[in-house]
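Chain residues, written in single-letter form:
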Amino acid sequence: EMITHQQLGYTCKPVGLLNVRGYYDKLLEFFDHSTEEGFVRPQSRAIVVASPSPAELLDRLQEYEVPESLISLAKRGALEDDKRG
């Protein structure tokens, strides 16, 4: 849901997952697979930030850059130029 919200421009904040001992590995694999199959843009997939270390997770959350939404791209006629993976 958060990836879809990013693609539509409803949210711009990243989601952090503290992936201790690989707890979220399968969920992250699902997101990656969805991206590989073209259902999710790589730029939108990046909204989910994961790390096994709290300090590294906080650093990665701070480094997150908000990609342009599909709605914004469509409004300015640049949707065709967007790379979907």
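*Asks:* Please explain the side chain of Arg-45 as it appears in this structure.
*Replies:* The topology assignment puts Arg-45 in helix α3 (residues 42–45). Owing to a relative accessible area of 13%, Arg-45 belongs among the buried residues under this scheme.

*Asks:* Quick question: what am I supposed to make of helix α2 (residues 25–36) here?
*Replies:* Spanning twelve residues, α2 covers 16 Å between terminal C-alpha atoms, matching the ideal 16 Å at 1.5 Å per step. Elements in contact with the buried residues of α2: α1 (2–8), β1 (15–18), α3 and β2 (48–51). Gly-38, located one to two residues past α2, shows a positive phi value of around 90 degrees.

*Asks:* Explain the packing of aromatic side chains here, please?
*Replies:* Each aromatic ring pair is summarised here by two numbers: the centre-to-centre distance and the angle between the ring planes. Evaluated as defined, the whole model comprises two aromatic pairs. On the numbers, 5.0 Å between centres and 85 degrees between planes, the contact of Tyr-23 with Tyr-24 is edge-to-face. Taking the relative accessible area as the measure of exposure, Tyr-23 reaches 66% and is therefore exposed. Here Tyr-24 falls in the partly exposed class, since its relative accessible area comes to 28%. Between Phe-30 and Phe-31 the ring centres are 6.1 Å apart and the planes differ by 50 degrees, which places this aromatic pair in the tilted class.

Conventions used here
- Note that residues are indexed from 1 along each chain, following the sequence as it is written.
- The predicted nature of this model means local features are confined to residues of pLDDT at least 70 and side-chain atom pairs, given and counted, to a pLDDT of 80 or more, with totals for whole chains, interfaces and linings taken over all residues.
- The side-chain figures draw on all heavy atoms in the structure; neither hydrogens nor water molecules are used.
- The way it works is that DSSP assigns letters per residue, a run of H or I at least four long becomes a helix, a run of E at least two long becomes a strand, and they are numbered from the N terminus.
- Relative accessible area decides the class of each residue, using a 1.4 Å probe on protein chains only: under 20% of the type maximum gives buried, over 50% gives exposed, and in between gives partly exposed.
- Helix span, expected: 1.5 Å multiplied by one less than the number of residues in the helix.
- Between two residues, a contact is recorded if the distance between any of their heavy atoms is within 4.5 Å.
- Side-chain rings of Phe, Tyr and Trp, where Trp is taken by its six-membered ring, are said to pair if the distance between their centres is within 6.5 Å; with planes under 30 degrees apart they count as stacked, over 60 as edge-to-face, and otherwise as tilted.

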